[in-house]
Amino acid sequence: MRKIMSSLDIGYASIKFIVAEMNKKKLYVLTSSIVNNDAIKKDMTIDYDILEAIIKKILSDTKEKLGIEIKKTLLTIPSDSASFTINKAKIDIKNEDNLVTTDDMIKVVNLSGKNVVQDNMELVNITPLYYTLDDSSRTDIPVNTFSKTLEVQSIITSSRKDDVYKYLRVLDNLGVSVVDISYDVVGNYYALKNEDMDTTCGVIIDIGYLSTSVSAYNKGVLVNTIKIKVGSLNVLKDISYVYKIPLSSAKEVYK
């Protein structure tokens, strides 16, 4: 079955966009682009009119290349205000055979995120860590097991509503709906992923343009991340100051 997907990554230094096609369990990149994020002002705030114009140009170029108009996309946003909460939920399996189904999994996972996120926060993701059956045994995939109850322990991630909605409004103005949201630091894990990382705990450090992220992973699951407000821009400013050259020249020296 063929499926075309698009993903937009809004970073402070650059904006990345990719369109790919899933066909017979293989992913083929149809087009990709990366442009400077000129919407960032000198005081590090965002000019959303400029941001909208940049994304509009990217979508227009994509339409010209592929001949299709992008109406839906995945969205990757900075994890500056990301919050993580661990919660449990439990349901009864109500069919006669006590056979756990996919619907039961979805139901208990959604329940684990209920009444957890604060009013000023927006739910980003619910990631199940493990499921527990009525005999106290744990499993990652409970479907087709027999149990009278199903319990899940999940990590619920959320961000400040203002941090999420400002990007959603820009895309809504362009007629594009967001199918799902992810954090920028998640991409780091999959870029570096190997067999050992799915069975161990550790951190990934990413020195970005405005900040450095330190993200903790537990067997492939993001469990926490913090931002240190020091990044490569600080190096550029130091080069510019010490050698008394413009920031644009400092970038060339930095490269």
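Overview of the structure. Treat the numbers as computed from the prediction; the structure is a model and nothing was measured. (Residues numbered from 1 in each chain as written. Predicted model: local features only at pLDDT ≥ 70, side-chain atom pairs only at ≥ 80, totals over all residues. Heavy atoms only, no water.)

1. A closer look at the sheet that holds strand β4 (residues 72-77)
- Here five strands make up an open sheet; going across it, the order is β3-β2-β1-β4-β9 and the pairing mixed. Looking at the sheet topology across the chains shown, the edges are occupied by β3 (26-36) and β9 (177-183). Taken pair by pair, the neighbouring strands of this sheet meet at an average axis angle of 20°, ignoring direction.
- Judged from the ten bridges that link them, strand β2 (residues 14-23) and β3 form a sheet pairing that is antiparallel. (Pairing = 2+ DSSP bridges. Helix = DSSP H or I, 4+ residues; strand = E, 2+ residues; numbered from the N terminus. Axes fitted to C-alpha atoms, helices over the stretch in contact; angles between N-to-C directions.)

2. A few points about the side chain of Thr132
- Locating Thr132 in the fold gives a position in strand β6 (residues 121-133).
- Apart from the residues within four sequence positions on either side, Thr132 is in contact with Ser137, Arg138, Thr149, Leu150 and Glu151. (Contact = heavy atoms within 4.5 Å.)

3. Some remarks on the environment of Ile245
- When you line up the elements, Ile245 lands in the loop between α5 (232-243) and α6 (247-254).
- Among the residues examined, Ile245 registers a relative accessible area of 25% and is labelled partly exposed.
- C-alpha of Ile245 to C-alpha of Asn125: the two residues are 120 residues apart in sequence and 44 Å apart in space.
- Ile245 has contacts with Ile239, Ser240, Ala250 and Val253, leaving out every residue within four places of it along the chain. (Buried < 20%, exposed > 50% of the residue type's maximum accessible area, 1.4 Å probe, protein only.)

4. Comments concerning the packing of aromatic side chains
- Considering all chains together, one arrives at two aromatic pairs under this definition.
- Ring geometry for Tyr189 and Tyr190: centres 5.3 Å apart, planes at 80°, overall edge-to-face.
- On the accessibility criterion, Tyr189 (2% relative accessible area) is buried.
- Residue placement shows Arg138 over the ring face of Tyr130; its charged tip is 4.0 Å from the ring centre. (Phe/Tyr/Trp six-rings, centres within 6.5 Å; stacked < 30°, edge-to-face > 60°. Lys NZ or Arg CZ within 6 Å of the ring centre and 35° of its normal.)

5. Quick word on the nonpolar core
- Counting 34 residues, the largest nonpolar core has Leu8, Leu51 and Ile55 as its most contacted members.
- Mapped by element, the contributors of at least two residues to this core are β1 (3-10), β2, α1 (48-66), β4, α3 (161-173), β9, α4 (184-192) and β12 (221-228).
- If you tally residues by element for this core, the top one is α1, at five residues.
- The residues contacting Leu51, other than those within four sequence positions of it, are Ile10, Ile15, Asn37, Ala39, Ile46, Tyr167 and Val170.
- Listed in part, the 13 residues of the second largest apolar core include Ile93, Met105, Val109 and Leu150. (Core = buried A, V, L, I, M, F, W, Y, C linked by side-chain atoms within 4.5 Å.)

6. Observations regarding α4
- Of the positions making up α4, those classed as buried are Val185, Asn188 and Tyr189. All buried residues of α4 fall inside an arc of 100° around its axis, so they share one side. Opposite the buried face of α4, at more than 90 degrees from it, the exposed residues are Tyr190 and Ala191. (Arc of directions from axis to C-beta.)

7. A look at the packing of α1 against α3
- Relative orientation of the contacting elements α1 and α3 amounts to 50°, with a least axis distance of 10 Å. The angle between α1 and α3 falls in the class oblique. α3 is crossed by α1, and the crossing has right-handed handedness. Contacts between α1 and α3 pair Tyr48, Leu51, Glu52 and Ile55 from the former with Lys166, Tyr167, Val170, Leu171 and Asn173 from the latter. (Parallel < 35°, antiparallel > 145°, perpendicular 65-115°, else oblique. Left-handed = near helix turned anticlockwise from the far one by under 90°.)

8. A few points about the packing of α5 against α6
- Relative orientation of the contacting elements α5 and α6 amounts to 110°, with a least axis distance of 8 Å. On the basis of the axis angle, α5 is roughly perpendicular to α6. Judged by the twist between their axes, the crossing of α5 over α6 is right-handed. When α5 is examined against α6, the residues Ser232, Leu233, Val235, Leu236, Lys237, Ile239 and Ser240 are found in contact with a partner set consisting of Leu247, Ala250, Lys251, Val253 and Tyr254.
- Residues of the contact of α5 with α6, tallied by class, amount to eight nonpolar, two polar and two charged. (Nonpolar A, V, L, I, M, F, W, Y, C, P; charged D, E, K, R; others polar.)

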